[in-house]
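Observations on the model geometry
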Amino acid sequence: MDLLSQWLSYPASIDRILSIIGIEIHWFILQYVLGLPLVILLALLAYKRTGKTNYEKIARTATKALGLIFAVGAASGTASEFGLVVIWPNLLEAAGRYIYFPLYLEIFAFLTEIVFIYLLVFAWSKLSLNARIAIAFLALFGAWFSAAMIVSVNSYMVAPTGIAPAFDQQKGWLYQQGYPKVLLVLPSQIASALDVSKLLPLEVEVVGEVKEGVAVYVPSRIVARLAYEAWSGVTLRDSVLAGFLKPGIQLPAEKILVKDLVDSILLATVEHVGYTSVTFLSPVYPGSILHSIGAGITTTAFTILGAYALLLLKKRSEYYETGLRFGVILSLIAIIVQGAIFGHVMGEEIAHYNPEKLAAMEGQSSSIMSIPRTFGIENLMKIIIYGRPDAQLPDYDLIPPGYCVLGGAPPISDCRPPLLIHYLYYVKTGLAVLLGLFAIVMFVLVYKNTKINTSLLVLAALSPILAQLVSFLGWAVREIGRKPWSIYGVMTVDVAHTANPASPSAYILVAFIFLAALSLLIYAAYRILYLPSLRGDQ
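Here the structure is a predicted model, which is why all the values come from computation and not from measurement. (Residues numbered from 1 in each chain as written. Predicted model: local features only at pLDDT ≥ 70, side-chain atom pairs only at ≥ 80, totals over all residues. Heavy atoms only, no water.)

**Some words on the environment of Q392**
The test is simple: Going along the chain from the N terminus, every DSSP run of H or I of four or more residues is numbered as a helix, and every run of E of two or more is numbered as a strand. Burial here depends on accessible area, computed with a 1.4 Å probe over protein chains only, as a share of the maximum for the residue type. Under 20% is buried, over 50% is exposed, and the range in between is partly exposed.
In this structure, Q392 sits in the loop between α15 (378-386) and α16 (420-447). The exposure class of Q392 is partly exposed, given its relative accessible area of 36%. It is 7.5 Å that separates the C-alpha atoms of Q392 and K382, two residues lying 10 residues apart in sequence.

What follows is the structure, given as structure tokens:
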């Protein structure tokens, strides 16, 4: 199978490529905003406990790095948000019913970050040690609070609140029963106009009456069809809903837009779940926020390790060796917690709520070379994912390619996730294991006070690149693996993207600007952080 062609065959391929560039570059920067406040806090606490000034120097250097990275991160984040508005307007319009609360709170989180990060940067010499510790904690709180809000919105896109997955360990795939299904609330006026007896054969399940109307589980192929009709300007007369009206119902069907009906359903559903809690109740949210913060800490820790290894390659000093030791210990703890705890939680959630993605990640298809099958580790993966070797992994080949399509709409040729993510996922996992083993080796050498030789220092200096690559692949698997959905079970990419795409040359120009900003950031870090550190400046 041509994996790249399969991925490109989904709609809006150029839009998706530009989004990957913008989001991944922003994520490259954002991870340090998540990790550096923790580094500063830990280094200041170490200084307070031991009195060793090297820890204070580490904290000061990390603070300068945070100030630099936050400025560029704010700019790249703004550019990414404008990109989302321009490229995916329909997605944001639909999501506007439920994302305003976390995004509203994110403004306060952002303000908290600005105030306390720049207080650390510019008032460092005027603050007592205890004040620096307190402010570093508040900067950390602001950064993680901001992440918690943004990730809640993304989690809803990965698995919306109320999603019922299509795979069961005992029953296998449940597409014949209409799964995956989405819990929706039909306002009373809409519910009273529909003939329920006609909906039941389509596997719509009536849960019962609620304050906002009637709660129903609706197959995702119907939800996707309604989303397609809503953003295509279809009226009720031409909608799939027209066939489900009660006999004798007289409506000016040619004047009623499906979008108005969908809007009423979305608002009633969000009100039923809770305006302030709907994104946080996504079933993949706990794992997502832990895994995101864990990625930021891990990448930052390996960058600290790599930076001091790079300095030690130039000359030996007690300060650089303290920085290397600090980075080694933090890297080892971070990668163990990230892989064994946070990653595992995330994996279990994906297994349960995104079974199609799991089937692709594990390469459960006869059309590709599956890594677990080739190396005979399928039972190991079953134990890791489900806790037992006799568990059943979801079979990719048994997923109906058209399970998300009803009556030819939305026009998606393949509803299954791209198998490309199988190799992305296993490359990511393999590199993470290598990083973990390297951190163990470095920890043993540091623990025994063994002098680190040049070869290991070179590898250590390269480890941040590897950590960034692991994190890059992790986000790629998360975002690419959701295709063809923009919001899993609700809206596909062809509906979500703009009806007025720019020319390829315009997209290339925007991508170049993102890459240029990243290059300038790396050069600035070299001039502002590396060279002064080499001179021994604070």
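Still more ground to cover, so stick around.
**What to know about the packing of aromatic side chains**
Aromatic ring pairs: the centre-centre distance and the angle between the two ring planes describe each pair. Where we set the bar: Here a pair means two rings of Phe, Tyr or Trp (six-membered ring of Trp) with centres within 6.5 Å. Their orientation is stacked below 30 degrees between planes, edge-to-face above 60, and tilted elsewhere. A ring is considered to have a charge above it if a Lys NZ or an Arg CZ atom is located within 6 Å of its centre and within 35 degrees of its normal.
For the structure shown, the criterion picks out 18 aromatic pairs. With a centroid separation of 5.1 Å and an interplanar angle of 65°, the aromatic rings of F167 and W173 are classed as edge-to-face. A relative accessible area of 10% places F167 in the buried class. On the basis of relative accessibility, which here comes to 14%, the residue W173 falls in the buried class. Aromatic ring contacts, followed pair by pair, group F167, W173, Y175, Y403, W485 and Y488 into a single cluster. One Lys or Arg, K57, reaches over the ring of Y319 and ends 4.2 Å from the middle of that ring. In this structure, K181 is placed above the aromatic ring of Y179, and the distance from its NZ or CZ to the ring centre is 4.4 Å.

**Side note on the domain arrangement of the protein chain**
The extent of an interface is frequently quoted as the accessible surface area lost upon association of the parts. Operational definition: The split of the chain into domains comes from an automatic or database domain assignment. Two residues form a contact once any of their heavy atoms are found within 4.5 Å. As used here, buried area is the combined drop in accessible area, with a 1.4 Å probe, of two parts when they are placed together. A side-chain nitrogen of Lys or Arg and a carboxyl oxygen of Asp or Glu constitute a salt bridge if their distance falls within 4 Å. In the analysis that follows, any N or O atom pair within 3.5 Å is treated as a polar contact, provided that within protein one partner can donate a hydrogen and the other can accept it, and provided that, for residues neighboring in sequence, both atoms belong to side chains. Asp, Glu, Lys and Arg are counted as charged, while Ala, Val, Leu, Ile, Met, Phe, Trp, Tyr, Cys and Pro are counted as nonpolar; the rest, among them Gly, fall into the polar class.
Taken as a whole, the protein chain is organised into domain 1 (3-161 + 279-535) and domain 2 (167-273). Taken together, the contacts link 35 residues of domain 1 with 25 residues of domain 2. Its largest share of buried area at the contact with domain 2, domain 1 owes to R97, Q392 and L406, together 26% of the area lost on that side. Seen at the junction of domain 1 and domain 2, the total is 1 salt bridge. In this structure, K259 engages E93 in a salt bridge whose closest nitrogen and oxygen atoms are separated by 2.9 Å. Put simply, domain 1 and domain 2 have 7 residue pairs in polar contact (both at pLDDT 80 or more) between them. Breaking the side of domain 1 that touches domain 2 down by element, the ones donating at least two residues are α4 (89-95), α13 (355-361) and α18 (493-496). Grouping the constituent residues of the side of domain 1 that touches domain 2 by class yields 24 nonpolar, 5 polar and 6 charged.

**Quick notes on the packing of helix α12 (residues 318-353) against α16**
How we decide: With axes taken as lines fitted to C-alpha atoms, and helix axes fitted only over the stretch in contact, angles between N-to-C directions fall between 0 and 180 degrees. Roughly parallel here means an angle under 35 degrees, roughly antiparallel means over 145, roughly perpendicular means 65 to 115, and every remaining angle is called oblique. Should the near helix be turned counterclockwise from the far one by less than a right angle, the crossing is left-handed, whereas a clockwise turn marks it as right-handed.
Closest axis-to-axis distance for the α12/α16 pair is 9 Å, and the angle between their directions is 135°. By the angle class used here, α12 and α16 are oblique. The handedness of the crossing between α12 and α16 comes out as left-handed. Here α12 contributes L324, R325, V328, I329, L332 and I335 to the contact with α16, which in turn contributes A432, L435, G436, A439, I440, M442, F443 and V446. Partitioning the contact of α12 with α16 into residue classes produces 12 nonpolar, 1 polar and 1 charged.

**A few points about the pairing of strand β5 (residues 205-210)**
Our working rule: Paired strands, in this sense, are two strands between which DSSP finds at least two bridges.
Where β5 meets strand β6 (residues 213-219), 5 bridges bridge the pair, whose relative direction is antiparallel. Residue pairing across strands places G208 opposite A215, the latter belonging to β6. Linking two consecutive strands that pair antiparallel, namely β5 and β6, is a turn of 2 residues.

**Regarding the packing of helix α3 (residues 53-87) against α12**
It is the contact of α3 with α12, at a shortest axis distance of 9 Å, that shows an interaxial angle of 70°. What the angle tells us is that α3 and α12 run roughly perpendicular. Of the residues in α12, those in contact with N54, Y55, K57, I58 and T61 of α3 are E318, Y319, T322, G323 and F326. By residue class, the composition of the contact of α3 with α12 is 4 nonpolar, 4 polar and 2 charged.

**Focus: the state of the cysteines**
The criterion, for reference: Criterion for a disulfide: a pair of cysteine sulfur atoms within 2.5 Å.
The final tally for this structure, using the stated rule, is 1 disulfide. Across the disulfide from C404 sits C415; the S-S distance is 2.1 Å. Here C404 and C415 share a disulfide; its torsion about the S-S bond, -80°, makes the bridge left-handed. In this pair, C404 sits in the loop between α15 and α16 while C415 sits in the loop between α15 and α16, placing the two residues 11 residues apart along the sequence. C415 matches C404 in its accessibility class, with the two residues each being buried.

**Digging into helix α2 (residues 13-50)**
One full turn of an α-helix is made of 3.6 residues, so residues set three or four places apart face in the same direction. Threshold: Under the convention used throughout, the expected extent of a helix is 1.5 Å for every residue step, that is, one less than its residue count.
The terminal C-alpha atoms of α2, which comprises 38 residues, lie 55 Å apart, in line with the 56 Å expected from a rise of 1.5 Å per residue. Looking one or two places after α2, you find G51, whose phi comes out positive at around 75°.

**A word on the pairing of β6**
Along a regular strand, successive side chains alternate from one face of the sheet to the other. The element β6 is extensively covered by neighbouring structure, given that 6 of its 7 residues are classed as buried. With 6 bridges connecting them, strand β4 (residues 181-186) and β6 associate as antiparallel partners. Looking at the pairing, L184 lines up with V216 of β6.

**A look at the sheet that holds β6**
Taken in spatial order, the 4 strands make up an open sheet running β1-β4-β6-β5, and their pairing is antiparallel. On the outer flanks of this sheet lie β1 (163-164) and β5, each paired with one strand and no other.

**Observations regarding the pattern of salt bridges**
Scanning all chains against the criterion turns up 9 salt bridges. Between E229 and R225 there is a salt bridge, with its nearest N and O atoms 2.7 Å apart. Of this pair, E229 and R225 both sit in helix α9 (residues 220-230), 4 residues apart, which is roughly one turn of that helix. Like E229, the residue R225 is buried in the burial classification. Its salt-bridge partner being R388, residue D390 comes within 3.1 Å of it at the nearest N-O pair.

**Structural notes on the environment of E24**
Structurally, the position occupied by E24 is in helix α2. In this structure E24 comes out as buried when scored by relative accessible area, which is 8%. Taking the C-alpha atoms as reference points, E24 and K57, separated by 33 residues in sequence, lie 31 Å from one another. Only 3.5 Å separates the side chain of E24 from the backbone nitrogen of A476, close enough to count as a polar contact.

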